[in-house]
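Here's the letter readout for the chains.
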Amino acid sequence: MKKYTQVFQGTAFSSKSPKEVKLLKDNLFCINENGMIEKVVSPEEADYQPLLDAYQEKENFHRLAAGQYFLPGFVDLHVHAPQWAQAGTALDIPLYDWLNTYTFPLESKFSDLDFAKDVYQDVVSTLLANGTTTALYFATVHKEASLLLAEICAEKGQRGLVGKVVMDNPEQNPDYYRDADSQTALADTEEFILAVNKLAKSAKQGVYPVVTPRFIPSCTDNALKGLGELAAKYDTYVQSHCSESDWEHGYVKNRFGKNDAFALHQFGLLGEKSVMAHCNFLTDEDADLFAATGTAVCHCPISNAYFANSVIPIAHLLSKGVEIGLGTDISGGFSPSLINNIRQAVIVSRMLEDGVNSILPTEERGVANSRITINEAFYFATAGGGESLNLPIGRLEENYAWDVQIIDTSVAYSKLPIYHANENLHDIFQKIMYLVNPENIREVWVQGVKVHSRF
């Protein structure tokens, strides 16, 4: 019998497709030395009992207790790590004012590595405690502090994709917080890419550099062109904001005579390893370009309610073949929990379909076929995120990383209303999606390593 590094037994939920959740009752998950799921065995299979007999008395066997379930780790595709220090504040003003009054002064402080270390250690630990095993981070313009964030991800065991932010446009950025010029921004970005690639060699779960123009208004044409060239040279991930708000969408159209999607594409910034946040104002032509290039949309439903001036037609984009993941957008989104964004994604899709202006007739009030299900929102937060990053994460299947959160539905003061031993598993899944809190996340594992536990 093949030897495994660890074997887990329990009931799990994983996306089979955007609309369908796979229920894996009392399965065995066999993990190899690389932290990958090498074999999944159901009770009906012939080798289930022999495997159970061989491992259940060993230290590397883990059996879930009654009321506990496996979920894939969440994949957060949009986090402004430095903004954790202002989360929950200043959400009542327009985006442009919010950035210049609160966010840019805060981010400028990350030239102080001691301050950066305090914030970055806290945000990575907080996201892990909320079940986020992979995070796509914006850092700041500071090369050293951005590298520090990648080092903290590596140390704490989170799969981190980290970007040194580029913002060199003197017309759109304050004097006290921007890259000195495009040449400096590009040189710092290249040095950052090389340093993170070196760090990645010792991080089992993976850390990755990300080319990160903050958004088009922040960057000169020279910087955008150079970043596209660096992304191609090193085959890196790319992230930015795209068609987020009325102001940003209009600014790009005035500057280039085209929408964000086509402007980003002309600079080589769209592709299979590109993730664009928000995208509320994508046209059908923009969406077709995203689908053709393999560019993913990161849906940030809580943040969008504050800063995006609209509800993104996420069901329509999905129907057009666009890859979609989910993001918290700390701190434009106040919550570090992707499960809160799962719930909000469903809520806003219902509001878009039904409409919000009660003065209008029913048939004119909403946008037909806009709603998504809880299954689809769960998919965005897990398998969809993995597909957006082209990584084997987000599913509890063979040849995927053992990135899991163990959900305990019987925790005191956060107990879920499950009263029957044989309650329908899909009903339990829905209760988990709508009712669990961080207190219910008993353990979190990344690439076969336990990185968080709550006792």
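Shown above is the structure to which this text applies.
Residues numbered from 1 in each chain as written. Predicted model: local features only at pLDDT ≥ 70, side-chain atom pairs only at ≥ 80, totals over all residues. Heavy atoms only, no water.

Draft legend 1. Inspection of the overall build of the protein chain at higher detail. Regarding its fold elements, the protein chain presents 16 helices and 17 strands. The C-alpha radius of gyration of the protein chain comes to 22 Å, within 12% of the 23 Å expected for a compact globule of 455 residues. Projecting the C-alpha coordinates of the protein chain onto the three principal axes gives extents of approximately 65 × 60 × 40 Å. Residue burial in the protein chain is summarised as follows: out of 455 residues, 59% are buried. Of the roughly 17800 Å² of accessible surface on the protein chain, 50% is carried by carbon and sulfur atoms. Charge centroids of the protein chain, computed over 37 positive and 57 negative side chains, lie 5 Å from each other. (Helix = DSSP H or I, 4+ residues; strand = E, 2+ residues; numbered from the N terminus. Rg over C-alpha atoms; globule rule 2.2 N^0.38 Å. Buried < 20%, exposed > 50% of the residue type's maximum accessible area, 1.4 Å probe, protein only. Areas by Shrake-Rupley, 256 points an atom, 1.4 Å probe, with all protein chains shown as cover. Lys, Arg positive; Asp, Glu negative; His and termini not counted. Charge placed at Lys NZ, Arg CZ, Asp CG, Glu CD.)

Draft legend 2. Up close: the pattern of salt bridges. What the rule picks out here adds up to 22 salt bridges. A salt bridge links Arg 395 to Glu 387; the nearest nitrogen and oxygen atoms lie 2.5 Å apart. Of the charged contacts, one joins Lys 450 and Glu 443 as a salt bridge, the two residues approaching to 3.7 Å between their closest N and O atoms. Residue class for Lys 450 comes out partly exposed when judged on its relative accessible area of 39%. Each member of the salt-bridge network shares a partner with another, and the members are Lys 143, Asp 188 and Glu 191. (Salt bridge = Lys/Arg side-chain N within 4 Å of Asp/Glu carboxyl O.)

Draft legend 3. Geometry of empty space enclosed by the protein. Per the stated rule, a full pass over the model turns up three cavities of 30 Å³ or more. Estimates place the volume of the largest cavity at around 120 Å³. Lining the largest cavity are 13 residues, with His 80, Leu 95, Trp 98, Leu 99 and His 241 sitting closest to its centre. Those elements that provide at least two residues to the lining of the largest cavity are α2 (95-108) and α10 (301-307). Ranked by residue count, the leading element in the lining of the largest cavity is α2, at three residues. Looking at the lining of the largest cavity residue by residue, the class counts come to five nonpolar, five polar and three charged. When its volume is computed, the second largest cavity comes out at roughly 50 Å³. Considering the residues around the second largest cavity, the lining is formed by Phe 74, Asn 130, Ser 337, Ile 339, Gln 405, Ile 407, Val 436, Asn 437, Pro 438 and Ile 441. (1 Å grid on protein atoms, 1.4 Å probe; cavity = no way out; pocket = protein on both sides within 12 Å on 5 of 7 lines; lining within 4 Å. Points joined across faces, edges and corners; volume = space filled by probe spheres on them. Nonpolar A, V, L, I, M, F, W, Y, C, P; charged D, E, K, R; others polar.)

Draft legend 4. Seen up close, the packing of aromatic side chains. Evaluated as defined, the whole model comprises 21 aromatic pairs. Between Phe 215 and Trp 247, the aromatic rings sit 6.1 Å apart at their centres with planes inclined by 50 degrees, giving tilted as the arrangement. Taken together, the residues Phe 215 in the loop between β10 (207-213) and α6 (221-234) and Trp 247 in helix α7 (residues 246-256) connect sequence positions 32 residues apart. One aromatic cluster in this structure is built from Phe 8, Phe 29, Phe 70, Trp 402 and Trp 445. One cation-aromatic arrangement involves Lys 58 over Tyr 55; the distance from NZ or CZ to the ring centre is 5.2 Å. (Phe/Tyr/Trp six-rings, centres within 6.5 Å; stacked < 30°, edge-to-face > 60°. Lys NZ or Arg CZ within 6 Å of the ring centre and 35° of its normal.)

Draft legend 5. The arrangement of the nonpolar core in detail. Phe 13, Phe 290, Val 297, Leu 317, Ile 342, Ile 432 and Met 433 are the most contacted members of the largest nonpolar core, which totals 66 residues. Ranked by the residues each element gives to this core, the list is headed by helix α14 (residues 374-381), at six residues. If near-sequence neighbours (up to four positions away) are discounted, Ile 342 is found in contact with Phe 74, Leu 326, Ile 374, Ala 377, Phe 378, Ala 381 and Met 433. (Core = buried A, V, L, I, M, F, W, Y, C linked by side-chain atoms within 4.5 Å. Contact = heavy atoms within 4.5 Å.)

Draft legend 6. Seen up close, the packing of helix α3 (residues 113-129) against helix α4 (residues 143-156). Where α3 contacts α4, the two axes come as close as 9 Å, and the packing angle between them is 40 degrees. When you trace α3 past α4, the crossing you get is right-handed. Of the residues in α4, those touching α3 at Leu 113, Ala 116, Lys 117, Tyr 120, Gln 121, Val 124, Ser 125 and Leu 128 are Glu 144, Ala 145, Leu 148, Leu 149, Ile 152, Cys 153 and Lys 156. Looking at the contact of α3 with α4 residue by residue, the classes come out as 10 nonpolar, two polar and three charged. (Axes fitted to C-alpha atoms, helices over the stretch in contact; angles between N-to-C directions. Left-handed = near helix turned anticlockwise from the far one by under 90°.)

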